[in-house]
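# Observations on the three-dimensional arrangement
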Amino acid sequence: MKWMKQLFLRRRIYGDLSDEIQAHLEEKIEELVRRGMPRKEAAAAARREFGNVTLTKEDSREVWRWPSIENLLADVGYGLRMLRKSPGSTAAVVMALALGMGMNTTVFSFVNALLLRPPRRVEAPNKLVELWLHNRVASGIQGYLPLTYPDYVYYRDHNQSFTGLLAFDGDPEPVIWNRFGEGQVVQGQLVSGNFFSVLGVNAFLGRTFLPEDDQTGNPQPVVVLGHSFWQQRLGSDPQVVGKSLLLNGTNFNVIGVAPSGFAGLLVAIEPDFWVPATMIEQVTRDSGRLTNRQAYWLLAVGRLKPGVDATRARTEMNRLAGVMEQDHPDTNKNLGATVFPAALVPGPYRGYVSAFTGLLMAVFALVLLIACVNAASLLLARATGRAREMAIRSALGAGRGRLIRQMLVESTLLSGLAGSAGLVLAYWTAPLLLALKPASLPITLRIPLDWRVLAFTASVSLFTGLAFGLTPALRSAKAQVAPILKDEAQSASYRKSRLRSFLMIGEISTCVVLLVGATLCVRSLVNASSIDPGFDTQRVAVATLDPGSLGYSEAQVRSFYEQLSQHIGALPGVSSTSFVNHLPLGSAREQSSAIEGNRSAAGQKGVSVDVLRVAPGYFETMGIPLLRGRDFIPKESESSNQAPAGAAIINDAMARKLWPSQDPVGRKIRLGEDTGLEIIGVVKTGKYRTLGEEPIPLVYLPRLPSRRTLVVRTSGDPTALLDAIRREIQTVDPNIAATDLETMQQYMTLPLFPARTTGLLLGASGILALVLTCIGLFGVISYIVSQRTHEIGVRMALGARRGDVLKLVFGHGLAVTSIGLAVGLAAAFGVTRFLSALLYGISPNDPVTLLSVSLGLALVALLACYLPARRAMRVDPMVALRYE
Amino acid sequence: MKNREQRDLFPGALEMMILRTLKRQPLHGYALAQVIKRTSNDLLQIEEGSLYPALQRLLKEELVKADWRISSTNRRVRIYKLTPAGAKHLEHEVSRFEKMLEGITRVLAPGES
């Protein structure tokens with residue numbers, strides 16, 4: 001405990017030291033005086049012989065210290081005092097940096113949540129790999145396929161690389177949970193029997209699945225509940241194991257509850273419960289999927305055996321894929337297999353996610369750069385102001401390293417403060433960004449501010465602190481001591497202001513790049529929002545229903561929908577209702593190929609068309625104009641699914657394609673297997689897959705499956721109608737619940753989601769950049785004016801007019817701005833190409849955007865110069881000259 | 001800023017001289033400086049101040065100890081005294097130094113190759 005004693009004794013040691021040195025000097029002086037030297041001379045001689053008293057004291061004290069840490073602490077304390085001395089500029093710099101760092105932290109927290117964070121609660125996640133089929137002849141992301149059930153079983157039973165291979169349904173299944181005679185929609189995930197055991201996840205209550213629960217031909221209706229579902233929906237019932245839940249009409253036995261925090265292996269999806277994959281028929285009424293060799297729905301994840309790495313696993317999986325290709329040439333042709341390290345975003349999509357988040361990171365890094373330049377130029381100004389202080393410290397024996405460290409400590413303090421503020425900012429903005437997500441997406445994304453985010457922000461803070469502090473620090477440490485102390489500082493300041501001008505040029509050009517990017521994205525968003533989807537988005541409410549999932553017969557389904565139509569139609573304000581199998585611009589799609597019916601020659605290539613199935617009144621409800629012919633009548637949609645369909649309505653694009661100059665009404669087409677479909681009407685073409693698409697030929701058929709989307713047209717506000725619709729569904733059949741009950745406008749946020757998010761983020765970055773640049777420019781010009789007050793005073797005393805002074809100051813601002821603009825425009829021209837994939841209806845080098853950004857920025861920049869210039873004009877020569 | 005002592009002497013030399021001087025008799029700082037100067041016939045350029053950091057190092061290593069006393073000239077002074085550990089350290093350093101000196105002398109000795 002020697003060091004502790006030393007720590008406490010230190011104050012006494014220092015005291016002793018001072019006394020001792022004092023005594024030494026006195027004794028020396030006395031001796032010299034005794035020898036006949038005058039006292040004054042003796043004092044000087046004593047000091048000369050002794051050397052630098054302060055330095056000796058410091059060196060002596062240093063013996064007792066942990067020098068580096070203590071010096072640092074002293075520097076920090078001093079730095080804090082300095083920052084407190086000028087609270088205004090400190091606050092400005094910290095705020096600018098905090099905005100920059102906050103946005104970076106926010107984006108990084110998304111990167112972390114999506115790409116870096118391993119699945120929670122899973123044992124040794126780095127030993128897990130995803131298994132994907134890969135079509136050798138397809139390119140890009142289209143080439144990757146999840147597994148079919150037969151594929152999965154084969155790989156599971158024949159691989160040598162894994163201690164276990166699990167599989168789960170990639171899409172959450174919305175399931176109706178019937179509780180107390182009332183239906184609620186919950187999300188389930190179908191998983192293989194070894195799902196929990198391969199992941200090493202133990203049950204919180206009861207047990208997890210065993211392979212016996214998940215056997216083809218003998219599936220067990222058992223369910224493992226998610227922890228938060230059990231807590232929130234079942235009130236943490238401790239006796240829940242052994243009870244049963246009525247899910248889609250089947251009773252499932254609760255065998256266990258998953259541990260808290262475990263949410264499976266997919267990002268943004270937190271299943272309420274897990275059921276064995278072999279129970280798929282009871283859950284989705286899709287009986288054929290377990291044997292279907294073309295239904296790719298299972299994401300497979302294997303745990304590598306000790307000593308096996310991903311490369312070896314990939315080689316083996318490819319060998320197994322080769323065997324499958326030989327055994328099933330019709331379905332598995334060209335299908336290889338590959339593995340990815342397991343993460344929350346499935347392997348093939350990771351590239352897209354990283355490209356998007358990478359773009360955002362780059363954008364906000366630029367914003368941060370601007371903030372850094374501001375901070376650097378402020379510190380430079382301050383360094384000039386402190387040149388005297390530095391010179392004095394240097395004269396008193398402070399080393400160059402010591403001075404640089406002092407300055408760096410101050411800049412890192414600034415950035416550290418900003419980093420903390422940025423974290424707070426990120427804590428608030430991340431949920432705000434999540435709020436942009438369409439309500440209909442059944443995802444719950446957690447954006448934790450965990451150690452990775454903290455480490456990121458800390459290193460960004462440190463790095464920016466060093467980056468913007470280094471130049472001012474080096475400069476001030478290099479300063480010539482003698483001239484500064486002799487008040488000859490004027491000459492040095494010119495070079496400093498030149499450096500600041502360079503910094504400003506960099507800042508303005510960065511700002512141009514950001515503004516161009518932001519303007520392009522915002523204009524693209526405006527373009528996208530104003531695209532006519534081909535239907536009315538204002539006065540329509542929608543709801544998705546599936547009575548078939550409860551095991552209802554065709555007659556029961558039809559009677560449910562008939563009653564529902566009547567009930568909803570009777571609501572006040574409702575003018576019409578109808579059904580569609582799925583809404584356009586969603587994720588579901590049905591495609592077929594159409595051939596003109598009259599020449600049904602063999603081998604004729606059909607037109608590829610999209611298919612929508614609609615009930616009578618759909619066009620009226622959706623506000624889609626009927627161009628020719630008539631709508632479906634109830635008889636056509638009621639006929640049994642086995643009978644030939646008979647009638648079809650096509651869109652304008654299809655009519656133009658098949659009968660460019662003739663009236664298609666009354667003609668016949670063959671659609672897939674359906675022959676002799678008579679065209680009874682033509683409607684206006686809309687958007688079906690994406691808002692940016694070219695016109696797509698589409699056929700409407702009159703018969704609907706049991707899963708449908710209800711569309712309701714109202715004369716009033718559709719939001720007010722949503723509760724009434726929910727109530728009416730309950731009244732007609734309490735067992736049924738709607739999955740996506742929302743207004744059409746809410747639904748439309750989904751196709752606009754990517755454009756809107758990008759537009760918002762880039763818009764924010766552009767505005768931020770503009771504000772920061774203006775502050776920076778204002779600061780630089782003000783500084784230059786204050787530096788040249790003397791010079792301006794002399795000029796005015798010598799007869800310069802105010803206009804000349806204005807020209808002098810403005811000239812500088814103008815030069816800096818125009819060089820910055822030129823550099824920035826050149827850079828923007830090169831950089832915006834990377835945005836082209838995100839842009840709609842606007843070229844990445846749109847001249848209007850480039851021009852308006854330049855003009856706008858120039859105007860704002862000149863304004864930022866004007867205020868200091870006006871101050872320069874008012875310089876009173878007398879005051880300016882006396883100032884020195 | 002480095003001490004001048006380190007430019008003129010090799011590291012540890014000052015400490016060694018202090019220990020050697022204190023071995024003869026306990027002394028206070030000023031006296032110590034004068035004795036070293038005098039015995040070296042002023043051949044060594046030592047700033048008096050540089051003594052103190054060296055003394056602090058020795059104190060910290062517990063090779064010397066110090067007490068406040070009243071001197072013969074009725075002055076409050078801090079007397080430094082060699083500790084047994086200091087004596088041992090001195091012996092060790094001196095023999096090390098002698099070896100080093102012998103080595104240097106052999107190399108510098110003319111015409112003996």
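Residues numbered from 1 in each chain as written. Chains lettered and ligands numbered in written order. Predicted model: local features only at pLDDT ≥ 70, side-chain atom pairs only at ≥ 80, totals over all residues.

Our next topic: the overall build of chain A. Along the backbone of chain A there are 28 helices and 23 strands. Expected size for 884 residues packed as a compact globule is a radius of gyration near 29 Å; at 37 Å, chain A overshoots this value by more than 25%. Its C-alpha atoms give chain A principal-axis dimensions of about 130 × 75 × 55 Å. The buried share among the 884 residues of chain A stands at 42%. In chain A, of all internal contacts separated by at least 6 residues, the share reaching a separation of at least 24 is 82%. (Helix = DSSP H or I, 4+ residues; strand = E, 2+ residues; numbered from the N terminus. Rg over C-alpha atoms; globule rule 2.2 N^0.38 Å. Buried ≥ 20, exposed ≤ 12 C-beta atoms within 10 Å, placed from the backbone. Contact = placed C-beta atoms within 7 Å.)

Quick look at the environment of Gly183(A) now. All names here are of chain A. Structurally, the position occupied by glycine 183 is in strand S5 (residues 182–191). The exposure class assigned to glycine 183 is buried, which follows from the 22 C-beta atoms found within 10 Å. Separated by 53 residues in the primary sequence, glycine 183 and serine 236 place their C-alpha atoms 20 Å from one another. When near neighbours in sequence (up to four residues on either side) are disregarded, glycine 183 contacts Ile176, Asn178, Pro734, Asn735, Ile736 and Ala737.

A few words on the interface of chain A and chain B. At the junction of the two partners, chain A supplies 21 residues and chain B supplies 17 residues. Top element by residues in the side of chain A that touches chain B is helix H1 (residues 2–34) of chain A. It accounts for 8 residues.

Residue and element names in this part refer to chain B. Here we have 3 strands laid out as an open sheet, ordered S1-S3-S2, and antiparallel in their pairing. If you trace the sheet from one side to the other, it starts and ends with strand S1 (27–28) and strand S2 (64–70), each paired once. Where S1 meets strand S3 (residues 76–82), 2 bridges bridge the pair, whose relative direction is antiparallel. Looking at the pairing, leucine 27 lines up with tyrosine 80 of S3. (Pairing = 2+ DSSP bridges.)

Before going further, it helps to examine the nonpolar core. Core analysis: the largest hydrophobic core is formed by 227 residues, its most contacted members being Ala300(A), Val367(A) and Ala648(A). Take this core: its biggest share by element is 18 residues, from helix H12 (residues 347–385) of chain A. For Ala648(A), the residues in contact, after removing those within four places along its chain, are Ile669(A), Leu671(A), Leu677(A), Glu678(A), Ile679(A), Val699(A), Tyr700(A) and Leu701(A). With 22 residues, the next largest nonpolar core counts Ile21(A), Ile18(B), Leu22(B) and Ala54(B) among its residues. (Core = buried A, V, L, I, M, F, W, Y, C linked by C-beta atoms within 7 Å.)

In this section: unusual backbone geometry. Across the chain, the bulk of peptide bonds are trans and the bulk of non-glycine residues have phi less than zero. Positive phi, close to 65°, is recorded for Asn334(A), a residue that is not glycine. Turning to its location among the elements, Asn334(A) is positioned in the loop between helix H11 (329–332) and strand S12 (335–341).

Further remarks concern the pairing of strand S11 (residues 298–304) of chain A. All names here are of chain A. In terms of residue burial, S11 counts as a mostly covered element, since 7 of its 7 residues are buried. Here S11 shows two buried faces, one formed by Leu298, Ala300, Gly302 and Leu304 and the other by Leu299, Val301 and Arg303. Pairing between strand S1 (residues 128–135) and S11: 4 bridges, direction antiparallel. Counted as the bridge partner of glutamate 130 is valine 301 from S11. For strand S3 (residues 162–169) and S11, the ladder comprises 7 bridges, and the chain directions are antiparallel. Within the sheet, the bridge partner assigned to leucine 165 lies in S11 and is glycine 302.

The next thing to look at is helix H5 (residues 84–108) of chain B. Between its first and last C-alpha atoms H5(B) spans 36 Å; for 25 residues at 1.5 Å apiece the expected length is 36 Å, and the two agree. Among all positions in H5(B), only Gly86(B), His89(B) and Leu90(B) are buried. (Expected span 1.5 Å × (residues − 1).)

What follows deals with the sheet that holds strand S13 (residues 540–545) of chain A. Residue and element names in this part refer to chain A. Strand order in the open sheet formed by 4 strands is S14-S22-S13-S23, with antiparallel pairing between adjacent strands. Both outer strands of the open sheet, strand S14 (574–580) and strand S23 (742–743), are each paired with one neighbouring strand and no more. The pairing of S13 with S23 spans 2 bridges and is classified as antiparallel. For valine 542, the partnering residue across the bridge sits in S23 and is glutamate 742. Of the strands in this sheet, S14 and strand S22 (708–714) are in contact with helix H18 (residues 554–569), which crosses S14 at around 155°. Helix-sheet contacts for helix H22 (residues 718–732) involve S13, S22 and S23, and the interaxial angle to S13 is about 30°. (Axes fitted to C-alpha atoms, helices over the stretch in contact; angles between N-to-C directions.)

On the secondary structure map, Gly548(A) appears in the loop between S13 and H18. If we ignore the near neighbours within four places in the chain, the residues touching Gly548(A) are Arg285(A), Val557(A), Ser706(A) and Arg707(A).

Let us look at the packing of H12(A) against helix H15 (residues 451–478) of chain A. All names here are of chain A. For the pair H12 and H15, the least separation of the axes is 9 Å and the interaxial angle reads 25°. Judged by the inter-axis angle, H12 sits roughly parallel to H15. Classified by chirality, the crossing of H15 by H12 is right-handed. Contacts between H12 and H15 involve Leu368, Cys372, Ala375, Ala376, Leu379, Leu380 and Ala383 on the former and, on the latter, Thr464, Ala467, Phe468, Gly469, Thr471, Pro472, Arg475 and Ser476. (Parallel < 35°, antiparallel > 145°, perpendicular 65-115°, else oblique. Left-handed = near helix turned anticlockwise from the far one by under 90°.)

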